[in-house]
Amino acid sequence: MKNKIICIGSRLVETDKAGPAVYDRLCRKKIPAQTDLVEGGIAGLNLLCHLEQAKIVVFVDAVSGFTRPGQMILLTGQQVQAACPKPVYDHSAGIAYLLAVLPRVCHGPLPEDIFLVGIEGRCDSITLDRAADAALTLTRKNPVV
Amino acid sequence: MSPETKKINIPLNRAEGDLEIKVDVTDGIITDAWSCGTMYRGFEAMMTGRGPLDGLVITPRICGICSLTHLNAAAVALDRIAQVTLPDNAIRLRNVALMAETIQSDLRQAVLMYMADFTNHKAYHRHVLFKEAVARYQILAGSSVVEVIRKTKRLIEIIAIIGGQWPHTSFMVPGGVTSIPYVPKLMQCRLIFDRFLAWYEKKVLGCSIARWQAVTTKKELAQWLEERPEHRDSEVGFFVRFAQKAGLDFCGRGDDHFLCFGNFPLPKETAVTPRVPGAGLLTTPGFARGTDCRALDAANIKEDSTCSWFEQKPAASHPYDSITRPYASGNMGKPYSWVKAPRYDGLAAETGPLAEAVMDRVPLFQDLIKETGATALVRQLARITRPARLLPDMGTWIDELLAHHADPFYTPVKTIPDGQGAGMIQAARGALGHWVTIENSKISNYQVITPTAWNGSPRDGQMQPGPWETALKGTRVKDLQNPVEAGHVIRSFDPCMVCAVHIVKNEK
C-alpha cells in the first residue's frame with residue numbers, strides 16, 4: 001500500500017496546465033517514502049489503477065468556481081463529489097467521475113482518504129509552490145507504515 | 001402552405017463539449033446539417049521547429065483515450081524517415097498494446113457512451129426493453145457499466161506492463177520499443193488476456209468467438225439471436241434487439257464511402273495471417289464504395305480548408321504540403337469549423353470499425369452494407385464486435401513474445417535524418433495519419449489528420465458535406481427538445497473532438 005500524488009491536466013492547454021506545473025515542481029522535491037508521484041495527464045478513467053491499493057490519494061488539478069482566481073483550495077473527495085453531483089462519462093471525464101465510479105469498481109480496499117489540491121484560474125509561481133507543498137504535507141501527515 | 005423549417009442545435013452534452021451540430025428540421029425530418037468543431041488545438045504549430053523525436057512525447061497528449069495510437073503514428077513516421085526495419089518482437093509488442101487500447105475504447109464507447117442513450121426516459125420509456133436498458137446502462141450504476149469499467153481497467157494493465165509506465169507511456173521509439181518485458185510479466189499479460197477473453201465471449205457475445213464469426217449474413221444474425229437465450233441477453237444481442245425496435249437500422253445512412261489505413265504490421269515470423277492475403281498488415285488499408293474495395297493510394301489524400309477557419313490555400317493539398325494556420329474573420333462567409341475537410345480522391349469518406357470490417361471483407365458487414373448500407377446500427381455493431389476479430393491474434397502475439405523473448409526488441413537508430421515520413425494507422429476511431437517533414441534536423445512540417453476530422457469534417461470547396469453531416473440528413477426527430485435520434489447518428493461515428501481540458505467545475 002502506498003500514498004499517491006496524482007497531478008491532472010494537459011501541459012499543452014493554458015487553462016488546464018496547473019496540475020502538470022505542480023508535478024514539475026514536485027519532481028524537484030524529496031517525495032516521502034512509500035509515496036508515488038504520478039503525472040496523471042488527461043488519462044481520466046485510466047487512472048483507476050492508481051487508486052487501488054492506495055492509502056491516501058492527493059489529486060492536484062485546475063478547478064473552476066471554488067475560490068478566487070489565482071488561489072489554491074484544499075477539498076476533500078466528498079466535497080468534490082458534492083460540487084459535481086451528476087458526473088458523466090465522456091472524453092473529458094475527470095476526477096468527479098473517477099471518484100463516483102471508484103467504490104463500484106475498486107479491486108481491494110478503497111483509499112482511506114482522497115483530497116484535491118485545486119488551483120483556480122491562472123496562478124503565479126508562489127501559488128503553485130504552495131500547492132506542491134500542500135500535496136506533500138497531506139502525504140507526510142498520513143505516512144504508510 | 002410550405003412546411004416550416006426550424007434551425008436547431010443538437011446538444012451533445014455527453015459526447016463532446018467542443019462539437020456543435022446545427023440542423024434544419026422540416027416536418028420532423030433533418031434536411032441539412034452542419035458540424036462545427038469549436039476548438040482550435042494547434043498541435044501542428046506546436047511541433048514546428050522542434051527536434052524530430054518531440055512528436056513521441058507531445059502528440060500522445062492529443063487524446064486521453066487513444067494516446068498510444070498517436071504515439072504509434074508518431075513512431076511509425078520516424079521509422080519510415082530513418083528507414084529502419086523493426087525486430088519482430090518490437091512489432092508484436094506494439095501490436096499487443098495497441099489492441100488492448102482499441103478494445104477498451106470500443107467497449108467503453110459502446111456501453112458507457114452509446115447505450116447510455118437507451119436510458120433516455122423521455123425518448124424510450126415506452127420501449128419494451130427500456131427497464132432492462134436502465135438496469136444495464138444507467139450512468140454509474142448500470143450492471144453493464146460497472147462490469148465494463150472493471151474488465152477494461154484490467155485489460156489496459158497490459159499496456160502498463162508492456163510500457164513500463166502508466167499513463168503517458170513512451171515505450172515506442174524509432175527502431176522498436178524501449179522496454180523489454182520479462183517472462184513473468186508476459187505471463188501476467190497472458191493471464192489478464194485469458195480472463196478478458198473469457199468475459200468477452202460470455203457477456204459481450206454470449207457465445208464463443210468461433211460461433212460469432214460463423215454469423216455471415218443479416219439473416220444469420222437474426223437466426224443467431226433466436227438460437228439461445230445467452231445470445232439474446234449478451235451485450236451484442238441486447239444492443240441489436242433494442243436498436244432494431246428503436247429504428248437505428250434505418251437512421252444514419254451514409255454515402256457508403258469507406259476509408260481504412262490498416263493496422264498491425266505482421267512480423268516476419270508469425271502464425272497470424274492478414275485478413276486479405278498479400279497485405280503486410282493484419283487489417284487492410286484501402287478505400288471502398290459500398291463493398292467495392294480498392295487499394296489505398298496515399299497520394300489521393302487531400303485537405304480542404306474552404307469551410308474551415310484556417311489560412312486558405314488555392315486548392316486542396318496533400319498533408320505534406322498542408323499548412324495549419326488559424327485565421328478567422330467575420331467576413332469570410334463560408335467557414336464554420338476548426339476542423340479541416342480531408343478528402344480521398346475528392347470524396348468524403350467515413351472511417352472507423354465499420355470501414356475496417358468492409359475493407360477486411362468480413363462477410364457479415366459486407367452483407368449488411370449490401371442489404372441496408374451503413375446505418376447507426378451497423379456502425380455500432382461493427383464496433384462492439386471488433387474485439388472478436390482482434391482478440392485471437394492478440395493472444396497469438398502474446399504467445400509468440402513468450403516463445404521468442406530472448407530475441408531483439410530494438411534496432412538501433414542513432415539519428416533521424418532529414419526526410420519525410422507518414423505514420424498512417426487505423427486507430428480505434430478510424431484512419432489516423434501523422435505526416436512529418438524533417439529539415440536541418442528539425443521538424444519543418446507536422447500534419448495530423450484524426451479519424452474525427454474525416455467523419456466530422458465540414459463541407460469542402462465543392463460544398464460536399466462531411467460524412468456525419470450526410471448521415472444526419474433524413475433522420476426523423478420525434479421531439480425537437482430531446483433529439484436523441486440525432487445523437488445516435490453522431491455517436492455511431494464515436495466522435496472525439498476534445499480530450500484536452502479536464503478542469504473540476506463547481507456545478508452548484
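These remarks concern the structure in this document. From a predicted model like this one, the values you see are computed outputs, not experimental measurements. Residue indices follow the written sequence of each chain, beginning from 1 at its first position. Whichever chain is written first is A, and whichever ligand is written first is 1; the rest continue in order. Per-residue local features of the predicted model are confined to residues with pLDDT of at least 70, and side-chain atom pairs are confined, for both listing and counting, to 80 or more; whole-chain, interface and lining totals are unaffected and use all residues. By convention in this description, side-chain values take in all heavy atoms of the structure and omit both hydrogens and water.

1. Notes on the overall build of chain B
Numbering of helices and strands starts at the N terminus; helices are DSSP runs of H or I of at least 4 residues and strands are runs of E of at least 2. Summing up its helical and strand segments, chain B has 19 helices and 16 strands in all. Throughout, radius of gyration means the C-alpha value; the globule benchmark is 2.2 Å times the number of residues raised to the power 0.38. Taken against the 2.2 N^0.38 rule, which gives 23 Å for 508 residues, the C-alpha radius of gyration of chain B at 22 Å falls within 12% of a compact globule. Principal axes of the C-alpha set define a box for chain B whose edges measure 75 × 60 × 50 Å. Throughout, exposure labels follow a simple rule: accessible area from a 1.4 Å probe, protein chains only, divided by the maximum for the residue type, with under 20% read as buried, over 50% as exposed, and the rest as partly exposed. Counting over 508 residues, chain B shows a buried share of 61%.

2. Notes on the packing of helix 7 (residues 143-155) of chain B against helix 9 (residues 183-205) of chain B
All names here are of chain B. Between helix 7 and helix 9, the shortest axis-to-axis distance is 9 Å and the interhelical angle comes to 150°. Taken together, helix 7 and helix 9 sit at an angle that is classed as roughly antiparallel. Read as a crossing pair, helix 7 and helix 9 show a hand that is left-handed. When helix 7 is examined against helix 9, the residues Glu147, Val148, Lys151, Thr152, Arg154 and Leu155 are found in contact with a partner set consisting of Ile192, Phe196, Trp199 and Lys203. Taken together, the residues of the contact of helix 7 with helix 9 break down into 5 nonpolar, 1 polar and 4 charged. Angles here are taken between N-to-C directions and fall from 0 to 180 degrees, while the axes themselves are lines fitted to C-alpha atoms, restricted in helices to the stretch in contact. For this classification, under 35 degrees means roughly parallel, over 145 means roughly antiparallel, 65 to 115 means roughly perpendicular, and everything else is oblique. By definition, any crossing whose near helix is turned counterclockwise from its far helix by less than a right angle is left-handed, and any crossing with a clockwise turn is right-handed. The contact definition used throughout considers only heavy atoms, calling two residues in contact when any of these lie within 4.5 Å. Lys, Arg, Asp and Glu make up the charged group, whereas Ala, Val, Leu, Ile, Met, Phe, Trp, Tyr, Cys and Pro make up the nonpolar group; the residues left over, Gly among them, are polar.

3. Examining the pairing of strand 2 (residues 19-26) of chain B
Residues and elements named next belong to chain B. Counted residue by residue, strand 2 has 6 buried out of 8 residues, so it is predominantly covered. The criterion for strand pairing is that DSSP finds at least two bridges linking the strands in question. Taken together, the 8 bridges between strand 2 and strand 3 (residues 29-37) define a ladder with antiparallel strand orientation. Across the sheet, the residue bridging to Glu20 is Cys36, located in strand 3. Between the end of strand 2 and the start of strand 3, which pair antiparallel, lie 2 residues, with Asp27 showing a positive phi angle near 55°.

4. Digging into the nonpolar core
We define a nonpolar core as any set of buried Ala, Val, Leu, Ile, Met, Phe, Trp, Tyr and Cys residues linked to one another through side-chain atoms lying within 4.5 Å. Membership of the largest hydrophobic core comes to 173 residues, with the highest contact counts inside it found for Phe59(A), Trp212(B), Phe365(B), Leu381(B) and Met394(B). No other element matches the 15 residues that helix 4 (residues 88-114) of chain B contributes to this core. Each residue touching Trp212(B), except ones within four places of it in the same chain, is listed here: Leu205(B), Cys207(B), Leu221(B), Trp224(B), Val236(B), Leu364(B), Leu381(B), Thr385(B) and Ala388(B). Within the second largest apolar cluster, 23 residues are counted, among which are Ile5(A), Met72(A), Cys123(A) and Ala132(A).

5. So, the environment of Cys260(B)
Residues and elements named next belong to chain B. Among the structural elements, Cys260 can be located in strand 6 (residues 257-260). Classification of Cys260 by relative accessible area gives buried; the value is 0%. For the pair Cys260 and Leu282, spaced 22 residues apart in sequence, the C-alpha to C-alpha distance is 12 Å.

6. Looking at the state of the cysteines
As used here, a disulfide is simply a covalent bond connecting the sulfur atoms of two cysteines. The disulfide definition used here is simple: a pair of cysteine sulfur atoms within 2.5 Å. Applying the stated criterion to the full structure yields 0 disulfides over all chains. Take Cys106(A): it sits in no disulfide, and the sulfur closest to it among the cysteines is that of Cys49(A), at 11 Å. With a relative accessible area of 16%, Cys106(A) lands in the buried category. Take Cys36(B): it sits in no disulfide, and the sulfur closest to it among the cysteines is that of Cys307(B), at 11 Å. Take Cys36(B): its relative accessible area is 5%, and that puts it in the buried class.

7. Examining helix 9 of chain B
Expected span of a helix: the number of residues minus one, times 1.5 Å. End to end, helix 9 of chain B covers 31 Å across 23 residues, agreeing with the expected 33 Å (1.5 Å per residue, within 8%). Among the residues making up helix 9 of chain B, those that are buried are Leu186(B), Cys189(B), Ile192(B), Phe193(B), Phe196(B), Trp199(B), Tyr200(B), Val204(B) and Leu205(B).

8. Regarding helix 3 (residues 67-82) of chain B
All names here are of chain B. Taking 1.5 Å per residue, 16 residues should reach 22 Å; helix 3 reaches 23 Å between its end C-alpha atoms and fits that length. Burial within helix 3 is extensive, with 14 of its 16 residues counted as buried. Taken from the residues just after helix 3, Gln83 is the one with a positive phi, measuring 50°.

9. Looking at the sheet that holds strand 14 (residues 430-439) of chain B
All names here are of chain B. The 3 strands are arranged 13-14-15 in an open sheet whose pairing can be described as antiparallel. Across the chains shown, the open sheet's two edge strands, defined by having one partner strand only, are strand 13 (419-427) and strand 15 (442-449). Pairs of neighbouring strands in the sheet enclose a mean axial angle of 15°, with direction left out of account. Taken together, the 9 bridges between strand 13 and strand 14 define a ladder with antiparallel strand orientation. Counterpart to Gly423 in the pairing with strand 14 is His434. On top of the sheet, helix 3 reaches strand 13, strand 14 and strand 15; it is set at about 145° to strand 13, its chief contact.

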